[in-house]
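If you want the building blocks of each chain, they are given just below.
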Amino acid sequence: MSSKPKLVFFGNERLATAAPTTAPTLQALVHAGYDVKAVAASYTEGVSRSKRPLEIVEVAHAYHIPVLIDKPGELIDKLKNLGAEAGVLVAYGRLVPQQIMDLFPKGIINIHPSLLPKLRGPTPVETAILNGERQTGVSLMRLSAEMDAGPVYVQQKVELAGSENKFQLAEKLLNIGCQLLRDNLDGILAGSLKPRPQDETEVTFSRLLTKAMGKTDFSEPADAIERQVRAFLGFPKTRAVVHGHEIVITKARVAKSQTDGALVITCQPGFLEIVELIAPSGKTMTSRDFMRGYLR
């Protein structure tokens, strides 16, 4: 029997839409000896017709941890019987009702990938890239009824290079959040680490992404479209018509002129070189290969 507190894990550990994960937080909790009684998982990509298998489910099954894929209102009776002292939440994608929070004497601790109160909401990773932020980070907070508004235990800042795509940034922030949790969870559960309220005057919000947002007509600034390509990777994707062909742009850079690159598009203002794309065939290729195959 584990001497560590009993926990329930909420979430799928996909810190960004369509981002893959190895579920490092759940694995770290198990390896640290915490008694994880169940994993409450959810799909957050309901806009997709095909749901990828949740990696967190595979990890949970590997450790013989029961998985609950239920709506929050249907979880209450199941969670009551577990007797868990606290919850840990990473990318659950749903609001947790107060009735569920009240089941945990020591609260639910949430890993949120931003420097709260900045970028509350569903897509802090993508929005940091879209906004051209120079800095983001990870916050450990105590879950509250209002979205991402709970008091914060600890934060870690992350400087952005301005070249990260969504998947790279999500993985980096998840690994940082996992380490923050490992370093601070015992103190949180023991009550020696107290959370501080967020400054409500500094609140900003991340935006919900929709498929329609991925349609690009190059009437925007080149640097904004370049950030969009990095932020929209996987979903909603940066879709465009180039020389009469519908493509998805997967890598791009801001060019200096119309001749600065193999496939350069004039934007408003600036120039964008499409470096890599998904062709109408569905194959990912370089812009040079696209031009050889489609623009003869």
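What counts as what
Residues numbered from 1 in each chain as written. Predicted model: local features only at pLDDT ≥ 70, side-chain atom pairs only at ≥ 80, totals over all residues. Heavy atoms only, no water. Helix = DSSP H or I, 4+ residues; strand = E, 2+ residues; numbered from the N terminus. Rg over C-alpha atoms; globule rule 2.2 N^0.38 Å. Buried < 20%, exposed > 50% of the residue type's maximum accessible area, 1.4 Å probe, protein only. Contact = heavy atoms within 4.5 Å. Lys, Arg positive; Asp, Glu negative; His and termini not counted. Charge placed at Lys NZ, Arg CZ, Asp CG, Glu CD. Core = buried A, V, L, I, M, F, W, Y, C linked by side-chain atoms within 4.5 Å. Polar contact = N/O pair within 3.5 Å; in protein donor to acceptor, adjacent residues only side chain to side chain.

Attention shifts here to the overall build of the chain. When you go through the chain residue by residue, the secondary structure sums to 8 helices and 12 strands. Since a compact globule built from 296 residues should have a radius of gyration of about 19 Å, the 21 Å found for the chain is in line with a globular shape. Once the C-alpha set of the chain is aligned to its principal axes, its extents read approximately 70 × 40 × 30 Å. Counting all 296 residues of the chain, 50% fall into the buried class. Sequence-distant contacts in the chain: of pairs separated by 6 or more residues, those separated by 24 or more amount to 65%. Mean positive and mean negative side-chain charge positions of the chain (36 and 31 charges, respectively) differ by 3 Å.

Moving on, we get to helix H1 (residues 24–31). Among all positions of H1, only Pro24, Thr25, Leu26, Ala28 and Leu29 are buried. Phi turns positive, to about 95°, at glycine 33, one or two residues after H1.

Nonpolar side chains in soluble globular proteins generally cluster together in the buried interior. If you look at the biggest cluster of nonpolar residues, it comprises 47 residues, and the most contacted ones within it are Phe9, Leu26, Leu29, Ile56 and Ile109. Top contributing element to this core by residue count: helix H6 (residues 166–190), with 10 residues. Other than its neighbours up to four places away in sequence, phenylalanine 9 contacts Thr25, Leu26, Leu29, Val36, Ala38, Val39, Ala40, Ile56, Val88 and Val90. If you look at the next biggest cluster of nonpolar residues, it comprises 20 residues, including Val8, Leu68, Tyr92 and Val152.

With respect to the secondary-structure elements, serine 206 resides in the loop between H6 and helix H7 (222–231). Residue classification places serine 206 among the buried positions, given a relative accessible area of 9%. Separated by 3.0 Å, the side chain of serine 206 and the backbone nitrogen of threonine 123 make a polar contact. When residues no more than four places from it in sequence are discounted, the contact partners of serine 206 are Leu119, Arg120, Gly121, Pro122, Thr123, Pro124 and Thr127.

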